[in-house]
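# Report on the structure
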Amino acid sequence: MSKITDHLFIGSLDDAFNDEFLDSNEITCIVNVASELNIPERIRHQYLWLGVDDDSETDDITRILPKTIDYIKSKIDSGQRVLIHCLEGKSRSVCVGLACLSLIQCIDPLNALRKVQASRPCAIPWPRYFEQTTSYITMLMEDNDGYYNEIDYCLEDGSIEDY
């Protein structure tokens, strides 16, 4: 499991079951983005499952991004810590994590990926999902002048507020 910010973690299925690590990092919410892994009965934390197929030629990760981003942002805003996971913590969870990071910190998706990879070197999003995520985030930022920027997620002086 990798700590991306003080309130955002990315990991694998194994990490979602590591109660010792979850407890020591005060993680209270788990977001599962793997379609093949709906496991709420084994999780004792708040749990959201919005599955995406692994490296699918037909699935579109952007279909889960609005709800997932809003859920994660609401948890972070209330002071909670969130783990986003998929099976291996390399692609689907990374795309959702970098989307959240982009919108919360008002940084472009490529820089968000670099920040994720600095904490999680195994983060290698599947190209199709990365392209979909990048297009989605870019569209939101262009269409809405920074999307979350309107609700004060970026500091006025241009510095980044780190959650």
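Below is a short write-up of the structure. In this text the structure is predicted, and so the values were computed from the model without any measurement.

Tallying secondary structure elements over the chain gives six helices and five strands in all. Taken from N to C terminus, the helices and strands of the chain fall in the order β-β-α-α-β-β-α-β-α-α-α. The burial tally for the chain puts 53% of its 163 residues in the buried class. Of all intrachain contacts in the chain linking residues separated by at least 6 positions in sequence, the fraction that spans at least 24 positions is 66%. Summed over its atoms, the accessible surface of the chain is roughly 7600 Å², and 47% of this surface lies on carbon and sulfur atoms.

For the structure shown, the criterion picks out one aromatic pair. The interplanar angle of 75° and the centroid separation of 5.1 Å between the aromatic rings of W126 and Y129 together place this pair among those described as edge-to-face.

Here we take up the pattern of salt bridges. Oppositely charged side chains can form a pair if their charged atoms are brought close together. Taken as a whole and judged by the stated rule, the model has six salt bridges. Note that D6 is salt-bridged to K3, the shortest N-O span being 3.4 Å. We classify K3 as partly exposed; its relative accessible area is 41%. Where salt bridges share partners, they join E36, D54 and R92 into one cluster.

So, on to the environment of T138. Assignment of secondary structure puts T138 in helix 6 (residues 127-143). For the pair T138 and L103, spaced 35 residues apart in sequence, the C-alpha separation works out to 9.7 Å.

P109, A112, L113 and V116 are the residues of helix 5 (residues 109-119) that are buried. All buried residues of helix 5 lie within an arc of 100° about the axis, which places them on one face of the element.

This paragraph deals with the sheet that holds strand 4 (residues 46-52). Sheet architecture is open: five strands sit in the order 1-2-5-3-4, paired in mixed fashion. Whereas interior strands pair on both sides, the edge strands pair on one side only; in this sheet they are strand 1 (2-3) and strand 4. Bridge count between strand 1 and strand 2 (residues 8-11): two bridges; the pairing is antiparallel. By the bridge assignment for strand 2, S2 is matched with I10.

V31, I72, I84 and V96 are the most contacted members of the largest nonpolar core, which has 40 residues in total. Among the secondary structure elements, those contributing two or more residues to this core are strand 2, helix 1 (13-16), strand 3 (27-34), strand 4, helix 3 (65-77), strand 5 (81-85), helix 4 (92-105) and helix 6. With residues up to four places along the chain from it excluded, the contact list for V31 reads L48, T68, Y71, I72, V82, L83, I84 and H85. Counting ten residues, the second largest nonpolar core, distinct from the first, contains I4, V94, L98 and V116.

This part is about the pairing of strand 4. Counting buried residues along strand 4, five of its seven residues qualify, which places the element largely inside the surrounding structure. Bridge count between strand 3 and strand 4: five bridges; the pairing is parallel. Paired with N32 across the bridge in strand 4 is W49.

The next subject is the environment of N111. Position of N111 relative to the elements: it lies in helix 5. The class for N111 is partly exposed, based on a relative accessible area of 36%. A distance of 2.6 Å separates the side chain of N111 from the side chain of D108, its partner in a polar contact. One polar contact links N111 to R114, side chain to side chain, over a distance of 3.1 Å.

Cut-offs used in this document
- Residues numbered from 1 in each chain as written.
- Predicted model: local features only at pLDDT ≥ 70, side-chain atom pairs only at ≥ 80, totals over all residues.
- Heavy atoms only, no water.
- Helix = DSSP H or I, 4+ residues; strand = E, 2+ residues; numbered from the N terminus.
- Buried < 20%, exposed > 50% of the residue type's maximum accessible area, 1.4 Å probe, protein only.
- Contact = heavy atoms within 4.5 Å.
- Areas by Shrake-Rupley, 256 points an atom, 1.4 Å probe, with all protein chains shown as cover.
- Phe/Tyr/Trp six-rings, centres within 6.5 Å; stacked < 30°, edge-to-face > 60°.
- Salt bridge = Lys/Arg side-chain N within 4 Å of Asp/Glu carboxyl O.
- Arc of directions from axis to C-beta.
- Pairing = 2+ DSSP bridges.
- Core = buried A, V, L, I, M, F, W, Y, C linked by side-chain atoms within 4.5 Å.
- Polar contact = N/O pair within 3.5 Å; in protein donor to acceptor, adjacent residues only side chain to side chain.

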